[in-house]
Amino acid sequence: MRDPSNLGSLIRVANALPIRMMLLASNSVDPWDTKTIRGSSGSVFHLPIKYRVGWQNIDTNTGSDEVVLLADNNIKKYDSDRIINYDQIPTELVKDKNITVIIGGETHGISEEAFAFAAKRDYRVINIPLDRTCNSLNVSTALGIILFELRRLMA
């Protein structure tokens, strides 16, 4: 995450659910940047955040049995059997399981390191179908759609 306002929006969405923890890769913007704090509307103070975490260390913060959901707007690079529409996630895939959601940026998508992390686990690529005139959603909008759908499935 490179844009502090986008990160603030992501933190606000994550805090609304709530999620257990947010991990930010080492190349992410600082969650204590004033624009991030403003964009989060104060949610940054209510959500456990670990930042500047290298992918090699993310394994220590997640279990090897977790389901990994990738949100990447470039689904063409993935095997079709790994792609699921956001509204067709099987309940048995996520119910009573720890889930890691990895969000790719609108421009560059998921990094190679993030995919290598996911490939070691049971992962799926979550697709949010868009009208042909729109090539991507804002990252916080995409996260909101995915997380609220997961919340509905786990209720």
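Trainee: Hey, could you run me through helix H6 (residues 139-154) in this one?
Mentor: Side chains that are three or four residues apart share a direction in an α-helix, a result of its 3.6 residues per turn. With 16 residues, H6 should cover 22 Å at 1.5 Å per step; its first-to-last C-alpha distance of 22 Å lies within 8% of that length. Those residues of H6 not exposed but buried are Val 139, Ser 140, Ala 142, Leu 143, Gly 144, Ile 146, Leu 147, Glu 149, Leu 150 and Leu 153. Where H6 is buried, its residues meet helix H1 (4-16), strand E3 (67-71), helix H4 (91-94), strand E5 (99-103) and strand E6 (122-127).

Trainee: Help me understand the environment of Thr 36, please; the structure alone is not making it clear to me.
Mentor: Its place among the elements puts Thr 36 in helix H2 (residues 34-39). In the structure, Thr 36 is positioned 30 residues away from Asn 6 in sequence and 7.5 Å away in space, judged by C-alpha atoms. Those residues in contact with Thr 36 that lie beyond four places of it in its chain are Pro 4, Leu 7, Gly 8, Ile 11, Val 29, Asp 30 and Pro 31. A polar atom in the side chain of Thr 36 sits 3.4 Å from the backbone oxygen of Asp 30.

Trainee: I'm lost on the pairing of strand E1 (residues 22-25) in this one. Help?
Mentor: One ladder, built from three bridges, connects E1 with strand E2 (residues 49-53); its direction is parallel. Residue Met 22 lies in a different strand from E2, and its bridge partner there is Ile 49. Handedness of the crossover joining E1 and E2 through H2 is recorded here as right-handed.

Calculation criteria
Residues numbered from 1 in each chain as written. Predicted model: local features only at pLDDT ≥ 70, side-chain atom pairs only at ≥ 80, totals over all residues. Heavy atoms only, no water. Helix = DSSP H or I, 4+ residues; strand = E, 2+ residues; numbered from the N terminus. Expected span 1.5 Å × (residues − 1). Buried < 20%, exposed > 50% of the residue type's maximum accessible area, 1.4 Å probe, protein only. Contact = heavy atoms within 4.5 Å. Polar contact = N/O pair within 3.5 Å; in protein donor to acceptor, adjacent residues only side chain to side chain. Pairing = 2+ DSSP bridges. Right-handed = clockwise from strand over helix to strand, strands pointing away.

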